[in-house]
Amino acid sequence: MGKLRTTRYNRSWYWDKLRIVDTPGIGAPGGDVDTEIAKSIIDEADLICYIVTSDAIQETEFDFFETIKERNKPLYIILNVKSNLTENIRLKRFLRDPHKWRECNGPQSIQGHFDRIRERLDGKYNMDAVKVIPIHLLAAQIAMQEKESNPENYKSLLEGSNIMEFIRSVKKEVYESGSLKKSLSVIDGTAYQIHLFHQQLQSDIVQLKKSTESLKKKNDSLKEFFQRESSKLTNNIAKLFKSTQDDLNNYAAIFADINYENKNAGKTWKEDSNVGNKISDLNEQITKKLKNFNEEIKERIEEISSDIKFIDKISSTVSVQTDSIYDTRLGAGITGAIITAIAPVIISQLWHPGGWILAACTLIVSGIVGFFTSLFESKEDKKKKAKKKLREQLYENIEKNINTNKKEALNKIHSSISSMNDSLKSLLGTYIDEVEQLIRILEDIQEKCIGKEQNINALISLRILEYVHKEPFAVKKQSQLQEKEIRQMFPVKRDWEKQTLTYHYTTNCSDREKKEAEKATQMNIIFK
C-alpha cells in the first residue's frame, strides 16, 4: 500500500505461508476509487504495510489512516530511501559501506525522516501500533539481479538494503500473535461494521425523534392558526357584507328620491352602475381576503414540508406547490362557487321584474281604496309616502339578500376550511404515527445490534484470555452457551475511539499478561 498507482485493484499471492495483498495506491490525485478498494481489504489484514519515499513525505499521504484509525491494525511504515545506484561509481561507494546511508545525521537523515513521519501521523493513528523501518529498495532489487552472477555483491546489497529486518519483523509479528490476529481480523472486523451500523442507526433515530417532535409542535401550531385565522376571516367577511349593506341602503335612499314615480324602477336598479360597482367591490374584497388566507396557509404548509421533507406527500393531499392551494381549495371551492354567486343572487332578487310589478300593483290598489281619504292629502305628502314605500322595499330586499348570501358564503367557507383542516390533521397524524412506528422498528434493530456487538466483544475478550493462557470459569462450555448468556457472563466495554477493552468479569491476569495482550492486540486492556 502506498501513494503510487502501480495497480488499480487488489492483487494477492502467498509467500512463505503468508498471504500478501497488494492494493492500489492511496492519496494520489483522482484516486478516490483506489482508496476505497484499498480500504475494502483492511478488515481481513493482520497488519498493514505502507510505503513512503524519502524524497516526498507529504502530510496528505497519511490522511488515509485517520479513516481507519478505529480498526487499530499494526502499521508498518516502509521508508524507501532513494539514491541512484545504477551508476557504477555510486554502486561501488555503497558497497564499500552498505550501512552508511542509515547512519548519517541532519534533516535528511533516517532519524529526520522518522521524526517527520511520526509528526504527520500523530493523532491520525494509534502510534503504539506504528513501526517505521527504513529500506533501500533499489539496493534490494539490484541484489536480486546479482544473486547468481556476483554472490558477494548480492550479500552486501541485501544486507545493506535492510529488507531482511523488515521481513524478520513482519514474520515475528505474524507468527508470535498470528493465531490471535487472524481470529481478531475476522470477528473484530465484523464487530466494527456492526458498531458503525449501530452509530448510523443511533444518528437516524435521534434525527427522526427531533423531526417528529418538531412536527408535533407545528401540528399544534397549525391547529391554533386555523382556529384563530378562520375566526378572523369570517369576522372580516361578515363586516364586508355589513359595509356593503350600508352602502346599498345609503344609495337606495337616493335612488328612491329619484325613481319613486318610475314604473320601471326594477329595471333601472338592475342597470344602475353604482349598484353594480358596490357589488363588484364586495366581490373583490372577499376574493382578496380569501387569497390572503390561502397564502398564509400555503406558507405554513410549505414550512412544515421543508422541515420534514415530505412536501410531495402533503402536496398530493392538499396541493401546496405554486398557487395550487388557491386554485384547488378556497380558490375554486369558495371564491369560484361563492363569490360569483353573491352578485347574481343579490342583484337578481332586487332586480326581479315580477317583484317590482307586484310592488307597483300594490301601490295602485292602495291608491284606489284610499282615494277619498287621500283626496285632501297634499302632493308633497304623497311624494314622501311613495319615496318612503320604495326605500322600505329596497331596504327589506337588500337586508334579506345580504343575510342570505352572507350565511351561504360563511357556511361554504367554514366547510372548506374544515375540510382542509381535517385533511392536514389526518395527513400529519398518519405521518407522525408512521415515523413513530419506524422509530420503534429501528430501536428494536439497534438493540439487536448492541447485543451482537457485545456478544462479539465478549468472544474477543475470551480469545485474548486464551492467548495469554487464561481460562475464565464457566458453568458450561462456550460452545454450549447462548448469545445472551455469553454477554451476560463475560461482559466487556469496547471504546473504539480510545481503543480500550475493559473487562467487567474477573480474569486474574497479571501485569505481564496484560502487556502481552496489549502488544498483540494494539489495544489498551483493562483487566478486573
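Conventions we followed
- Counting of residues starts from 1 at the beginning of each chain's written sequence and follows it residue by residue.
- pLDDT decides what is reported in this predicted model: residues at 70 or higher carry local features, side-chain atom pairs at 80 or more are listed and counted, and totals for whole chains, interfaces and linings draw on all residues regardless.
- The side-chain quantities take in all heavy atoms of the structure and omit both hydrogens and water.
- To count toward a patch, a residue needs a relative accessible area above 30% and no salt bridge. Like charges then connect within 9 Å, nonpolar side chains (Val, Leu, Ile, Met, Phe, Trp, Tyr) within 5 Å.
- Accessible surface area values rest on a Shrake-Rupley calculation with a 1.4 Å probe, where residue burial reflects the displayed protein chains alone.
- Put simply, a salt bridge is a Lys or Arg side-chain nitrogen that is within 4 Å of an Asp or Glu carboxyl oxygen.
- Positive charge is attributed to Lys and Arg, negative charge to Asp and Glu, and no charge count is given to His or to the chain ends.
- A single reference atom marks each charge: NZ on Lys, CZ on Arg, CG on Asp, CD on Glu.
- The way it works is that DSSP assigns letters per residue, a run of H or I at least four long becomes a helix, a run of E at least two long becomes a strand, and they are numbered from the N terminus.
- Relative accessibility thresholds used throughout: buried, under 20% of the residue-type maximum; exposed, over 50%; partly exposed, between the two (1.4 Å probe, protein chains only).
- The quantity called pLDDT is the predictor's confidence in a given residue, expressed from 0 to 100.
- Should any heavy atoms of two residues lie within 4.5 Å, those residues are counted as being in contact.
- To get an axis, fit a line to the C-alpha atoms, keeping to the stretch in contact for a helix; angles then go from 0 to 180 degrees between the N-to-C directions.
- Any angle from 65 to 115 degrees is called roughly perpendicular, while one under 35 is roughly parallel, one over 145 is roughly antiparallel, and all others are oblique.
- Each crossing gets its handedness from the near helix: less than a right angle anticlockwise from the far helix is left-handed, clockwise is right-handed.
- Following the grouping adopted for this structure description, the nonpolar residues are Ala, Val, Leu, Ile, Met, Phe, Trp, Tyr, Cys and Pro, the charged ones are Asp, Glu, Lys and Arg, and the polar ones are all others, Gly among them.
- Strand pairing is assigned whenever DSSP identifies at least 2 bridges connecting the two strands.
- The definition of a nonpolar core used throughout is a set of buried Ala, Val, Leu, Ile, Met, Phe, Trp, Tyr and Cys residues joined through side-chain atoms within 4.5 Å.

(A) The arrangement of a positive patch on the surface in detail. Together, K92, R93, R96 and K100 make up a positively charged patch on the protein surface. In terms of residue count, the dominant contributor to the positive patch is helix α3 (residues 88-96) (3 residues). By relative accessible area, K100 is classed as exposed at 55%.

(B) Representation of the confidence of the model for the protein within the structure. Of the residues in the protein, 79% have a pLDDT of 70 or more, and the chain-wide mean is 76. Of all secondary-structure elements in the protein, the lowest mean pLDDT belongs to helix α12 (residues 324-351), at 30, while strand β7 (residues 500-503) reaches the highest, 93. Contacts from residues 1-5, a stretch scored under 50 in pLDDT, to residues over four places away or in other chains number 28 contacts.

(C) Structural view of the packing of helix α6 (residues 137-145) against helix α7 (residues 151-161). Packing of α6 against α7 brings their axes to within 8 Å, and their N-to-C directions diverge by 155 degrees. One way to sum up the angle between α6 and α7 is to call them roughly antiparallel. Of the two possible hands of crossing, α6 and α7 adopt the one that is left-handed. Note on element contacts: α7 touches α6 through Y154, L157, L158 and S161, opposite A139, A140, I142, A143 and M144. Split by residue class, the contact of α6 with α7 holds 8 nonpolar, 1 polar and no charged.

(D) Inspection of the pattern of salt bridges at higher detail. According to the stated counting rule, one finds 17 salt bridges in the structure shown. E408 is the salt-bridge partner of K412, the closest N and O atoms lying 3.2 Å from each other. Placement of the pair is K412 and E408 together in helix α14 (residues 379-467), with a separation of 4 residues, close to one helical turn. E513 is paired through a salt bridge with R512; the nearest N and O atoms lie 3.9 Å apart. With a relative accessible area of 56%, R512 lands in the exposed category.

(E) Region of the structure containing the packing of α3 against α7. Taken N-terminus to C-terminus, the directions of α3 and α7 make an angle of 75 degrees; their axes are 10 Å apart at the nearest point. With respect to their mutual orientation, α3 and α7 come out roughly perpendicular. The residues of α7 that touch α3, namely those facing L91, F94 and L95, are N153, S156, L157 and G160. Across the contact of α3 with α7, the residue classes break down as 4 nonpolar, 3 polar and no charged.

(F) Here's a closer look at the sheet that holds strand β3 (residues 48-53). Strand order in the open sheet formed by 3 strands is β3-β4-β5, with parallel pairing between adjacent strands. In the strand order of this sheet, the two ends are held by β3 and β5 (130-135), each with one partner. Between one strand axis and the next, the sheet turns through 25 degrees on average, direction left out of account. Pairing of β3 with strand β4 (residues 75-80), which is carried by 6 bridges, proceeds in the parallel orientation. Directly across from C49, in β4, lies its bridge partner Y76.

(G) Representation of unusual backbone geometry within the structure. Unlike most non-glycine residues, N162 shows phi in positive territory, near 70 degrees. Summarising the element assignment, N162 is placed in the loop between α7 and α8 (163-259). Here N508, not a glycine, exhibits a phi torsion of approximately 60 degrees, which is positive. Of note, N508 is situated in the loop between β7 and α16 (511-521).

(H) Focus on the side chain of N259. On the secondary structure map, N259 appears in helix α8. You can call N259 buried: its relative accessible area is 10%.

(I) Seen up close, the nonpolar core. Residues F226, I237, W269, I464 and Y503 are the most contacted members of the largest nonpolar core, which totals 71 residues. Put simply, the parts of the chain that give this core at least two residues each are α8, α9 (265-271), α10 (273-308), α14, β7 and α16. The dominant element in this core, judged by the number of residues it contributes, is α14, at 24 residues. Once residues lying within four places of it in the same chain are set aside, the contact partners of I464 are L180, L501, Y503, A517, T521, M523 and I525. Grouped together as the second largest cluster of nonpolar side chains are 44 residues, F65, F94, A140 and V174 included.

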